[in-house]
Amino acid sequence: MPTNQAMWLPAKGARLQLAAAPMPIAGPGQIVVRAAAIAINPVDWIVQRMGGLGFPWLRYPMVLGWDVVGEVTAIGEDVTQIAVGDRVVGLAVGQDKAVNDSAEGGFQHYVRLRESMTAPIPPTLSWEQAAVLPLGIATAACALFQKQHLALAHPSAPPSPIGKTVLIWGASTSVGSNAVQLAVAAGYEVIATASPRNHAFVQQLGAEAVYDYRSPTVVRDLVEAMNGRELAGAVAIGAGSALPCVAVAGGCAGDKAVAMVSPPVSFDQAPLSKGRTTYLLRTMPRVVVGMLATILRARGRGVRTGFVNGVTLLHDEVGPMIFNEFLPAALTSGRLRPAPNPQIAGHGLSAIPDALDRQRRGVSNGKIVVTL
């Protein structure tokens, strides 16, 4: 019989520990996957360092991790679109408040996934390429398609032109590169921001024009670019991105809505253990001030804003629409390109702590992947 191992987070702010884990069992609508690769997201090290702040419901020890690819080893009742032996990519939702179960955490050899959050992948797609997708495309889909955010039309094949434009701020990121492609697949035009070295990459994904987000005139340039266009909304990705998106949305015709993916302040300097209280006392006032500034500016410009939680599509129609209806055909046909590019940070569960540190130090036009 196979055995399971996981990279456990034993307590808030603790170091990860490699240890045995129970073998997951597939219940109704669930599958078990032997993971071949996992990807690292900023939320992974944020939960490790500040989980008590943003994820107070977590039960410890906990297995972190969201992005999983692998081979299906078992299926539960009511699973109809996936079979044992299939190669799949899935979003592990163990940290969702309603789930809160380490069996559904990604950082382990055998992971329980939901069929509604899993898609088969074609043989032409490598494990490493597919691993970059789950949380990035899930968060992008929440921002674009959930009713409380931009509420765009869903992707179609071929897409029917909508005649509206979406602004993606931070388009070379994991969330941004998926948001560009999803918006185009849904029939929208896209203008975007990214650093100059990533402009060609973002245009290859489907953006009509890309602007340097560091430019002192970027807001004015984007408003001018939107002259004669109708805005369908903006997606703000990256610390400090919400305010300029609000300014652009406020100066354009159309739907003045901004879906905010990132907090106003980065937490990449959060310490692992010692100094956390001091860090929070120094950082949280900046977060509060940033939030208040965004809210007040948005109200003054008539702009609707909301924070995106990338796992909430587990509980609405957007999740199955993306993972069961859109992704299988889009990956097979090449309509969706797994992006950004994988950057391999090692092999085996023991490589995960270093991979988390590497992600926290910053990655441009790439996503950290660990093979298993």
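Everything discussed here concerns the structure shown above.
So, here's what we can say about the structure. (Residues numbered from 1 in each chain as written. Predicted model: local features only at pLDDT ≥ 70, side-chain atom pairs only at ≥ 80, totals over all residues. Heavy atoms only, no water.)

1. Structural notes on helix H9 (residues 318-333)
For H9, which comprises 16 residues, the first-to-last C-alpha distance of 21 Å matches the rise-based estimate of 22 Å (1.5 Å per residue) to within 8%. At Phe-326, H9 shows its maximal bend, which comes to roughly 50°, and the proline Pro-328 appears one to four places after that position. Within the span of H9, buried status applies to Val-318, Gly-319, Met-321, Ile-322, Phe-323, Asn-324, Phe-326, Leu-327, Pro-328, Ala-330 and Leu-331. (Helix = DSSP H or I, 4+ residues; strand = E, 2+ residues; numbered from the N terminus. Expected span 1.5 Å × (residues − 1). Bend = angle between axes of the 7 residues up to and from the residue. Buried < 20%, exposed > 50% of the residue type's maximum accessible area, 1.4 Å probe, protein only.)

2. Here we look at the pairing of strand S16 (residues 366-371)
For S16, the buried fraction is high: six of the six residues fall into the buried class. Taking every second residue as pointing to the same face, both faces of S16 are buried, with Gly-366, Ile-368 and Val-370 on one and Lys-367, Val-369 and Thr-371 on the other. Bridge analysis of strand S3 (residues 30-39) against S16 gives three bridges, and the strand direction is antiparallel. Bridge assignment links Ala-39 to a residue of S16, and that residue is Val-369. With five bridges joining them, strand S15 (residues 341-347) and S16 adopt parallel strand pairing. Bridging across to S16, Asn-341 finds its partner in Gly-366. (Pairing = 2+ DSSP bridges.)

3. Looking at the packing of aromatic side chains
Overall, the coordinates contain one aromatic pair when judged by the stated rule. When the ring of Phe-55 is compared with that of Trp-57, the centres are 5.3 Å apart and the planes differ by 50°; the resulting orientation is tilted. When the ring centre of Tyr-110 is taken as origin, the NZ or CZ atom of Arg-34, which lies over that ring, is 5.6 Å away. Across the ring face of Trp-127, the terminal group of Arg-87 is positioned such that the distance to the ring centre comes to 4.3 Å. (Phe/Tyr/Trp six-rings, centres within 6.5 Å; stacked < 30°, edge-to-face > 60°. Lys NZ or Arg CZ within 6 Å of the ring centre and 35° of its normal.)

4. Concerning the packing of helix H6 (residues 218-225) against helix H7 (residues 242-250)
H7 packs onto H6 with a crossing angle of 35° between their chain directions and a minimal axis gap of 9 Å. Here H6 and H7 pass one another in a crossing that is right-handed. Packed against H6, whose contacting residues are Val-219, Leu-222 and Val-223, the element H7 presents Pro-244, Ala-247 and Val-248 at the interface. When grouped by side-chain class, the residues that make up the contact of H6 with H7 number six nonpolar, no polar and no charged. (Axes fitted to C-alpha atoms, helices over the stretch in contact; angles between N-to-C directions. Left-handed = near helix turned anticlockwise from the far one by under 90°. Contact = heavy atoms within 4.5 Å. Nonpolar A, V, L, I, M, F, W, Y, C, P; charged D, E, K, R; others polar.)

5. Quick look at the sheet that holds strand S9 (residues 165-169)
Pairing within the open sheet is parallel, and its six strands lie in the order S11-S10-S9-S12-S13-S14. Edge positions in the open sheet fall to strand S11 (209-212) and strand S14 (304-307), since each of these has one partner strand only. Direction aside, neighbouring strands of the sheet carry axes that sit 20° apart on average. Direction of pairing for strand S12 (residues 231-236) relative to strand S13 (residues 257-260): parallel, over a ladder of three bridges. By the bridge assignment, Ala-234 is partnered in S13 with Val-258.

6. Quick word on the side chain of Gln-95
Considering the arrangement of structural elements, one finds Gln-95 in the loop between strand S6 (87-91) and strand S7 (110-114). Setting aside chain neighbours within four positions, we find Gln-95 in contact with Val-47, Phe-55, Trp-57, Leu-58, Leu-64, Gly-65 and Trp-66.

7. Some points on the pattern of salt bridges
Tallied over the full model, the rule gives 10 salt bridges. Notably, a salt bridge pairs Arg-112 with Glu-104, separated by 3.6 Å at the nearest N-O pair. The class of Arg-112 is buried, set by a relative accessible area of 12%. Here Glu-208 ties to Arg-229 by a salt bridge, and the two come within 3.0 Å at their closest N and O atoms. Remark: Arg-229 occurs in the loop between H6 and S12 and Glu-208 occurs in the loop between helix H5 (199-205) and S11; sequence separation between them is 21 residues. One salt-bridge network, in which partners are shared between bridges, spans Asp-101, Glu-104, Arg-112 and Arg-114. (Salt bridge = Lys/Arg side-chain N within 4 Å of Asp/Glu carboxyl O.)

8. Quick notes on helix H10 (residues 352-360)
If you check which residues of H10 are buried, you get Ile-352, Ala-355, Leu-356 and Gln-359. Relative to the axis of H10, the buried residues are bounded by an arc of 105° and lie together on one face. Phi for Gly-362, located one or two positions after H10, is positive at around 115°. (Arc of directions from axis to C-beta.)

9. Notes on unusual backbone geometry
Glycine aside, the phi torsion of most residues is negative, and most peptide linkages are trans. For the bond running from Tyr-60 to Pro-61, omega is 0°, close enough to zero to count as cis. Residue Asp-78 is not a glycine yet carries a positive backbone phi of 70°. The phi dihedral of Ala-151 falls on the positive side, at around 55°, and the residue is not glycine. Here Ala-151 is to be found in the loop between helix H3 (134-145) and S9. The class for Ala-151 is partly exposed, based on a relative accessible area of 43%.

10. Comments concerning the nonpolar core
Judged by nonpolar contacts, the single largest core of 110 residues is most densely connected at Leu-91, Leu-144, Phe-145, Ile-168, Leu-182 and Ile-322. Among the elements that make up this core, the one with the highest residue count is H3 (nine residues). The residues touching Leu-182, leaving out its near neighbours within four places in the chain, are Ile-137, Ala-140, Ala-141, Leu-144, Phe-145, Pro-155, Ile-322, Phe-326 and Leu-336. (Core = buried A, V, L, I, M, F, W, Y, C linked by side-chain atoms within 4.5 Å.)

11. Let's talk about the sheet that holds strand S1 (residues 4-9)
Strand order in this open sheet of three strands is S2-S1-S4, and the pairing throughout is antiparallel. Each end of this open sheet is capped by a strand with a single partner; those strands are strand S2 (17-21) and strand S4 (62-63). Both S1 and S4 contribute to a ladder of two bridges, which runs antiparallel. For Trp-8, the partnering residue across the bridge sits in S4 and is Val-63.

Take it as geometry only, folks, not as evidence of what the structure does.
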